[in-house]
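Residue strings, one per chain:
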Amino acid sequence: MIYWNQVAYEILTKLTEKIKNSTLESGFFLLAWPANVGKKTAVFEIINSLGVLPQDLMIIENPGKLDGNLYQIKVDVPEKERVLHIQEKDFLNVGARQIVEFLSTTSFGKYKVVFIENIERMNISSANALLKKLEEPGKGNFIFATSSNKDKLLSTIVSRA
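Residues numbered from 1 in each chain as written. Predicted model: local features only at pLDDT ≥ 70, side-chain atom pairs only at ≥ 80, totals over all residues. Heavy atoms only, no water.

### Thoughts on the side chain of lysine 112
- Inspection of the secondary structure puts lysine 112 in strand β5 (residues 112-116).
- Buried charge lysine 112 goes without a salt bridge, the closest partner of opposite sign being aspartate 56 at 4.4 Å.
- At a separation of 2.5 Å, a polar atom in the side chain of lysine 112 contacts the side chain of threonine 105.
- Among all residues touching lysine 112, those that are not within four sequence positions of it are Asp56, Phe102, Leu103, Thr105, Thr106, Ser107, Gly140, Asn141 and Phe142. (Helix = DSSP H or I, 4+ residues; strand = E, 2+ residues; numbered from the N terminus. Buried < 20%, exposed > 50% of the residue type's maximum accessible area, 1.4 Å probe, protein only. Lys, Arg positive; Asp, Glu negative; His and termini not counted. Salt bridge = Lys/Arg side-chain N within 4 Å of Asp/Glu carboxyl O. Polar contact = N/O pair within 3.5 Å; in protein donor to acceptor, adjacent residues only side chain to side chain. Contact = heavy atoms within 4.5 Å.)

Have a look at this one:
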């Protein structure tokens, strides 16, 4: 079950249909509403309904709260630092350049999707490095981001959504 308000549900349903009908070939979408009301669930619902293959999906999940320390999305992450080992779990540590690189490769299926949870935790340099890709993700590429505090986002990020 999806938890968000009726207006958001209708908008996301129309968005999903436009993607499926190929009337929308790419885009950057920002889901910005209060915490704990289903933004992440909504994005996963869209991803599942589009049938996105696992190898065509990059999820940057909750940057900033892995072990109580603050991790931000950086501009670039050196190869040796791309996997973080925290509390016996592995987390992929990606930067804006890895996101751009991921979207620049050919997809295995119909769509390539990047989901950035809590995009407001991205630092300014990373946001600037990602702006061009947010504006023009490339055909078949979709970027979904969530934010519980739209006021913390750069206006340049909001304007591209």
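### Some points on the sheet that holds β5
- Strands sit in the order β1-β6-β5-β2 across an open sheet of 4 strands; the sheet is parallel. The sheet is open, and its two edges are formed by β1 (27-32) and β2 (57-60), each paired on a single side. When strand polarity is set aside, the average angle formed by the axes of neighbouring strands in this sheet is 10°.
- Pairing of β1 with strand β6 (residues 141-147), which is carried by 6 bridges, proceeds in the parallel orientation. Note on β6: the bridge partner recorded for leucine 31 is threonine 146. (Pairing = 2+ DSSP bridges. Axes fitted to C-alpha atoms, helices over the stretch in contact; angles between N-to-C directions.)

### Focus: helix α2 (residues 39-50)
- Taking 1.5 Å of rise per residue, 12 residues should cover 16 Å, and α2 covers 17 Å from first to last C-alpha, within 8% of that figure.
- Of the surrounding secondary structure, the elements contacted by the buried residues of α2 are α1 (6-20), β1, β2, β5 and β6. (Expected span 1.5 Å × (residues − 1).)

### With respect to the environment of isoleucine 60
- Here isoleucine 60 shows up in strand β2.
- We classify isoleucine 60 as buried; its relative accessible area is 8%.

### Quick notes on the packing of α1 against α2
- Relative orientation of the contacting elements α1 and α2 amounts to 25°, with a least axis distance of 10 Å. Taken together, the axes of α1 and α2 are roughly parallel relative to one another. Where α1 crosses over α2, the handedness of that crossing is right-handed. Together, Leu12, Leu15, Thr16, Ile19 and Lys20 of α1 and Ala42, Ile46, Ser49 and Leu50 of α2 make up the contact between the two elements.
- Taken together, the residues of the contact of α1 with α2 sort by class into 6 nonpolar, 2 polar and 1 charged. (Parallel < 35°, antiparallel > 145°, perpendicular 65-115°, else oblique. Left-handed = near helix turned anticlockwise from the far one by under 90°. Nonpolar A, V, L, I, M, F, W, Y, C, P; charged D, E, K, R; others polar.)

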